[in-house]
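Chain by chain, the residues:
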Amino acid sequence: MSMLKPLPRKRNLTWLWPLAGGLSLLLLWSGIIVLGEVRPFIAPAPWDVAAEIWKNRVLLAQNFWPTLLEAVAGFICGNLAAISVAVIFVHFHTVQKMYLPIAVLFNTIPVIALAPILILIFGINITPKIIIASLVCFFPTLVNMIRGLEAYTSSEMELMRVMSASRLEIFLRLRLPRSLPFLFSALRISCTSCVIGAIVGEWIGSTMGIGSLIIQATFNYRSGLLYAAICMSSALALSLFAIVIASEKKFLRW
Amino acid sequence: MPARSSRPPNAIALRDAAVTFATDAGLFTACQNINLDIETGSFVVLIGPSGCGKSTLLRLVADLLPCAAGTAEVNGAPPEAARKARAVSFVFQDSTLLPWRSVMDNISLPLQVGRWAALGRGHRPVKELLELVRMSGREAAMPHELSGGMRQRVAIARALVTQPDILLMDEPFAALDEITRESLNEEVLRIWRETGTTVVFVTHSLEEAAYLGQRVVVMAANPGRIADIIDLRQAKPDNRIDRSSQAFFEITTGLRRVLEKAYRGEIAA
Ligand SMILES: Nc1ncnc2c1ncn2[C@@H]1O[C@H](COP(=O)(O)OP(=O)(O)O)[C@@H](O)[C@H]1O
Ligand SMILES: [Mg+2]
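Residues numbered from 1 in each chain as written. Chains lettered and ligands numbered in written order. Predicted model: local features only at pLDDT ≥ 70, side-chain atom pairs only at ≥ 80, totals over all residues. Heavy atoms only, no water.

**Q** For this particular structure, what's the right way to read the overall build of chain B?
**A** Secondary structure summary: chain B contains 9 helices and 9 strands in total. The burial tally for chain B puts 55% of its 269 residues in the buried class. Taking contacts inside chain B between residues at least 6 apart in sequence as the whole, the part at least 24 apart equals 71%. Surface exposure of chain B reaches about 11,500 Å², of which carbon and sulfur atoms provide 51%. Considering chain B, the positive charge centre built from 31 side chains and the negative charge centre built from 31 side chains are found 3 Å apart. (Helix = DSSP H or I, 4+ residues; strand = E, 2+ residues; numbered from the N terminus. Buried < 20%, exposed > 50% of the residue type's maximum accessible area, 1.4 Å probe, protein only. Contact = heavy atoms within 4.5 Å. Areas by Shrake-Rupley, 256 points an atom, 1.4 Å probe, with all protein chains shown as cover. Lys, Arg positive; Asp, Glu negative; His and termini not counted. Charge placed at Lys NZ, Arg CZ, Asp CG, Glu CD.)

Now the structure itself:
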């Protein structure tokens, strides 16, 4: 005779899996370094990187803030620009037909090629880095936002029209809420790529920031510092990602 | 709601009306030669094979589609005027509740758009509407938490919040199971009696048409047109009938015969 027992509630420990995966890779890394007798300036062991982070904590912090500023400013500017352009595109289809192909074309230019041009125009300061970070964010958000603003159903639009809703009302009460899931999937992409944009900008011409630290560490064969800088940039991208996920959870409860 | 004194005798008047669509293959006539008067406060059902232009006709009345020929009058004026005066409400087959809004916020949506405040007309309190559609206590629920039948109840409440003169319903219960549909049919009649609203109800269910309509407009396809109009007011005094009665069986049988002819296209255009 079988008894129907309520299923035990599964505890939400899914985050343990990627943690276990990460630990196993760290172990693999350590094994290769130790067993292969890899010299530290070629590739350091994990504990060397950890020690390096601690030793250079002041230097790393000094270079962390400029990159954070550039990445966040680029993220905000790039996404605001993309959202505004998408709003114009969906309301004026002629404008979209004229300029969307150009945006697509522009997107094929590698950022790395654009960086020197922007530095020639704006000089070695924070502006070209913010612009590069913005440009990296712009295109994914533009494309997603256009799709999102058109993602209403035909009966939803008919409902708005039977109620004699104005364009602004349709935008605020239908198109914008409908676009939010699309916007957030774009923000998940751009919050990590804006960090890459800022770092690429710093490579080309800068004395500050994680990007310039990476260049300096590479040329001076300081592989421990190089890895430490890479860890910083990942940490920065991850914290931006966490913020985006948190706000998505807050705004997209339906 | 007492009948408004200013209401014209015919809520809807269509004269030789036609609706066309511009398609790649040229102009397509979705319906033509439509002559139909719908008395204010009456309950009219449209039935016919799919593609015969039932939804098109409702959209013409709602000013979602223009009249290509003939004339259409809603409340004695062009459909556009009726729409702007917020005299018409629409209930869709999919409830079309906005998923990010609670039941309460969905029902009050019509009051937040379309210059409602400027019209200076009274609306029905949301609490009262929830009672009317028997959804009291669920005002905070989100649409995804509701069953299909409950979502349609909320959609009906939303349509009634502006106290419209005309309620257009396009196969509102087609996606629901039979038992739910039958109970919602009763609710719709109760709401119709209570509000005095003119109702135009599209269905492809014979039983639903027979149960609800004071008059049933049978349409035929290719081109979309009115095949016959069946008056059930004599057969259903007070528009009430028992579904299990002999009288109801006779009504559905008669309706079935007309409908079968319309399906076969035996009724000349
Ligand atoms: N937007 C449109 N463009 C072109 N043809 C349409 C459009 N909407 C409806 N039709 C056509 O008009 C006819 C009537 O459609 P509809 O009113 O939806 O039929 P019903 O609601 O009776 O099933 C159909 O043949 C359909 O294909
Ligand atoms: Mg239809």
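Here the narrative resumes, following the displayed structure.
**Q** For this particular structure, what's the right way to read the pattern of salt bridges?
**A** Pairs may arise between side chains of opposite charge once their charged atoms sit close together. In this structure the tally under the stated criterion is 20 salt bridges over all chains. We note a salt bridge from R59(B) to E158(A), for which the minimum N-O separation is 2.7 Å. Of this pair, R59(B) sits in helix α1 (residues 54-61) while E158(A) sits in helix α7 (residues 154-162), each in a different chain. Exposure class is identical for R59(B) and E158(A). Each is buried. Of the charged contacts, one joins R240(B) and D238(B) as a salt bridge, the two residues approaching to 3.0 Å between their closest N and O atoms. (Salt bridge = Lys/Arg side-chain N within 4 Å of Asp/Glu carboxyl O.)

**Q** Looking at this structure, how should I read the domain arrangement of chain B?
**A** Interface size is commonly expressed as the accessible area that is lost once the parts come together. All names here are of chain B. What the domain assignment lists for chain B is domain 1 (7-87 + 165-175 + 191-269) and domain 2 (93-163). Taken together, the contacts link 15 residues of domain 1 with 16 residues of domain 2. Summed over both partners, the interface of domain 1 with domain 2 buries about 1,200 Å², with 57% contributed by carbon and sulfur atoms. If you sort the residues of domain 1 by the area they bury against domain 2, R86, L167 and I191 come out on top, with a joint share of 46%. For the interface between domain 1 and domain 2, the tally reads 1 salt bridge. Among the ionic pairs, R124 bridges to E194, the shortest N-O distance being 2.9 Å. (Domains from an automatic or database assignment. Buried area = accessible area lost by both parts, 1.4 Å probe.)

**Q** Where do I start with the site of ligand 1 in this structure?
**A** Residues and elements named next belong to chain B. Around ligand 1, the surrounding shell consists of F21, T23, F28, A30, S50, G51, C52, G53, K54, S55 and T56. G51 places a main-chain nitrogen or oxygen 2.7 Å from an oxygen atom of ligand 1. T56 places a side-chain nitrogen or oxygen 2.5 Å from an oxygen atom of ligand 1. Taken by itself ligand 1 offers 560 Å² of open surface, and the protein chains cover 61% of this. Counting residues per element, the shell around ligand 1 draws most heavily on α1, which supplies 3 residues. (Near = heavy atom within 4 Å. Polar contact = N/O pair within 3.5 Å; in protein donor to acceptor, adjacent residues only side chain to side chain.)

**Q** Got a minute to help me understand the interface of chain A and chain B in this structure?
**A** On the side of chain B, 25 residues touch chain A, which itself brings 16 residues to the contact. Of the roughly 1,900 Å² buried where chain A meets chain B, counting both sides, 64% is carbon and sulfur surface. Interface area lost by chain A to chain B is led by V162(A), M163(A) and R173(A), which between them contribute 33%. Counting across the chain A and chain B interface gives 1 salt bridge. Between the two partners, chain A and chain B, sit 7 residue pairs in polar contact (both at pLDDT 80 or more). Broken down by secondary-structure element, the contributors of at least two residues to the side of chain A that touches chain B are α7 and α8 (167-204) of chain A. Classifying every residue of the side of chain A that touches chain B gives 8 nonpolar, 2 polar and 6 charged. (Nonpolar A, V, L, I, M, F, W, Y, C, P; charged D, E, K, R; others polar.)

**Q** What is the right way to look at the packing of aromatic side chains in this model?
**A** Geometry of an aromatic ring pair is reported as the spacing of the ring centres plus the angle between the planes. All names here are of chain B. Considering all chains together, one arrives at 9 aromatic pairs over all chains under this definition. Aromatic side chains F43 and W192 sit 5.5 Å apart centroid to centroid with 85° between the ring planes, which places their arrangement in the edge-to-face category. Here W192 lies in helix α7 (residues 178-195) and F43 lies in strand β3 (residues 43-47), a separation of 149 residues in the sequence. The same class applies to F43 as to W192, namely buried. (Phe/Tyr/Trp six-rings, centres within 6.5 Å; stacked < 30°, edge-to-face > 60°.)

**Q** Quick question: what am I supposed to make of unusual backbone geometry here?
**A** Negative phi is the rule for most residues except glycine; trans is the rule for most peptide bonds. All names here are of chain B. Following N222, the chain continues to P223 via a peptide bond in cis, the omega torsion being -5°. Inspection of the secondary structure puts P223 in the loop between β8 (215-220) and β9 (225-231). Non-glycine residue N33 carries a positive phi angle of around 50°. Tracing the chain through its elements places N33 in strand β2 (residues 26-39). A residue is classified by how much of its surface remains accessible, and N33, at 48% relative accessible area, is partly exposed. In the Ramachandran plot, R115 falls in the positive-phi region, its phi being about 55° despite a non-glycine side chain. Note on placement: R115 falls in the loop between α3 (103-108) and α4 (116-119).

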